[in-house]
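Architecture and fold: a report
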Amino acid sequence: MKNTIKSIAILLVVISVSFSALAQEAKPVPSPPATATGKIKDATITIKYSSPAVKGRKIWGGLEKYDAVWRAGANDATTFETDKDIMIEGKNLPAGKYSFFLIPKESGKWTAIFNKEAKQWGAYKYQEAKDQLRVDVKTKALKETQERLVYKIGKKDFSLEWDKISVPVAVK
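The following refers to the structure shown. (Residues numbered from 1 in each chain as written. Predicted model: local features only at pLDDT ≥ 70, side-chain atom pairs only at ≥ 80, totals over all residues. Heavy atoms only, no water.)

A closer look at the nonpolar core
Formed by 34 residues in total, the largest nonpolar core has its most connected members in Phe 80, Ile 88, Tyr 151 and Phe 158. A total of six residues in this core trace back to one element, the largest contributor, which is strand E10 (residues 157-170). For Ile 88, the residues in contact, after removing those within four places along its chain, are Phe 80, Leu 93, Phe 114, Leu 133, Val 135, Phe 158, Val 169, Ala 170 and Val 171. Counting five residues, the second largest nonpolar core, distinct from the first, contains Ala 77, Phe 101, Ile 103 and Ile 113. (Core = buried A, V, L, I, M, F, W, Y, C linked by side-chain atoms within 4.5 Å. Buried < 20%, exposed > 50% of the residue type's maximum accessible area, 1.4 Å probe, protein only. Helix = DSSP H or I, 4+ residues; strand = E, 2+ residues; numbered from the N terminus. Contact = heavy atoms within 4.5 Å.)

Following this line, the structure appears as structure tokens:
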């Protein structure tokens, strides 16, 4: 009888833990992971990022400060990988995997950064000395709000779009 009660108690604990784990998995993720992959000429580009939402917040100059290095997504720093050497805004970027950061500006061009330290949490331990490449890029206004941050890879560029801003980066 004691073994039966003990077995039932263990079974109930296992079931309880299982349901708890399932309930945690069912919660929506505030900034879900996403990947953009595409080809520009003969190079395969892969961008991995976490995609936050606007949720009625002031993004530029609010949530994301001007003149500060930003991870260009949420959670881990965004990564940019190319399997071939490419030209970014006319400057060479060797094949490899990089952290991708932006420095938003209130006016004028933003700075796009490809940093050799690919695995980073946010921009907290970012070191300029590890930059492979920095380029200035012009932003474009979006006609409609892009609620969730997204990266798009086109034929001649890739872009980040979020809120009312598009940040295209030319690739050759």
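Read on for the rest.
Brief notes about the side chain of Asn 115
Structurally, Asn 115 is set in strand E7 (residues 110-115). Relative accessible area serves as the criterion here: at 0%, Asn 115 is assigned to the buried category. At 3.0 Å, the side chain of Asn 115 and the backbone oxygen of Gln 127 are in polar contact. In terms of polar contacts, Asn 115 uses its side chain to reach the side chain of Asp 131, at 2.8 Å. Ignoring sequence-local partners within four residues, the contact set of Asn 115 consists of Tyr 98, Ser 99, Phe 101, Gln 120, Tyr 126, Gln 127, Lys 130, Asp 131 and Gln 132. (Polar contact = N/O pair within 3.5 Å; in protein donor to acceptor, adjacent residues only side chain to side chain.)

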